[in-house]
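Below, each chain spelled out in residue letters.
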Amino acid sequence: MSAFKWFESICIQFPARLLLGGAFCFAGSKKLMDVQSFAEAIKGFKVLNVDTHEQLIINAAYSMPWIELIAGLLLILGLWTRAATMVIAVMLLVFIAALIHVITDDTISASCSCFGDVKVICTSPEIGWCMVWRDVVMLLPAIYLLWRGGGKLAIDARAESKLEAQISNPEPDLEPR
């Protein structure tokens, strides 16, 4: 059983953490370099009314890249792996819903600034099903990591093993009651 866990950690969980966390670190850093452009992209999706929710759009444009960057970094390190993965999975679901909203509404013509000005996998400047499928594919390792955790190479694994050791060998209570 232990050999399988090491194999899974090295061949599945660690690469999944690196790729997914790296993608979100890259996306967050590209958005931070041009927050104004990202705010315009959010407005272009027309998920929120620009007149009544302008402050919410501005807050999202400044906070989402930091959330992506921090969650991605935590995922790469394997620190709070499931929490970081949950944040990333929820963001991916929101991105997928927003992309489908734009695709199905013919009145919206928006561009995706998912990775800033870099086109990752989908080379078309127009939002299309390729971007939805790209996000669905990114969601698969997130689901796996939520299910199986960060693996033995994650910082979480060290904390878990220490906790298990403390539970199995508790120190005797030396103080009288």
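Structure's up top.
This report concerns the structure included in the present document. (Residues numbered from 1 in each chain as written. Predicted model: local features only at pLDDT ≥ 70, side-chain atom pairs only at ≥ 80, totals over all residues. Heavy atoms only, no water.)

### Brief notes about the overall build of the protein
The secondary structure content of the protein amounts to six helices and zero strands. Helices (α) and strands (β) of the protein occur, in sequence order from the N terminus, as α-α-α-α-α-α. Its C-alpha radius of gyration of 20 Å places the protein more than 25% over the 16 Å reference for a compact globule of 177 residues. Structurally, the protein occupies a C-alpha span of about 70 × 40 × 25 Å along its principal axes. Counting across all 177 residues of the protein, residues that qualify as buried make up 37%. Counting contacts in the protein only where the partners sit at least 6 residues apart, residues at least 24 apart contribute 74% of the total. Put simply, the protein shows about 10900 Å² of open surface, and 67% of that area lies on carbon and sulfur atoms. (Helix = DSSP H or I, 4+ residues; strand = E, 2+ residues; numbered from the N terminus. Rg over C-alpha atoms; globule rule 2.2 N^0.38 Å. Buried < 20%, exposed > 50% of the residue type's maximum accessible area, 1.4 Å probe, protein only. Contact = heavy atoms within 4.5 Å. Areas by Shrake-Rupley, 256 points an atom, 1.4 Å probe, with all protein chains shown as cover.)

### Comments concerning the packing of helix H2 (residues 35-45) against helix H3 (residues 54-77)
For the pair H2 and H3, interaxial distance at closest approach is 9 Å and the crossing angle is 125°. Overall, the two elements H2 and H3 adopt an arrangement that is oblique. By crossing handedness, the relation of H2 to H3 is classed as right-handed. Residues Val 35, Phe 38, Ala 39, Ile 42 and Lys 43 of H2 touch H3, and the partners they reach there are Ile 57, Ala 60, Ala 61, Tyr 62, Met 64 and Pro 65. By residue class, the composition of the contact of H2 with H3 is 10 nonpolar, no polar and one charged. (Axes fitted to C-alpha atoms, helices over the stretch in contact; angles between N-to-C directions. Parallel < 35°, antiparallel > 145°, perpendicular 65-115°, else oblique. Left-handed = near helix turned anticlockwise from the far one by under 90°. Nonpolar A, V, L, I, M, F, W, Y, C, P; charged D, E, K, R; others polar.)

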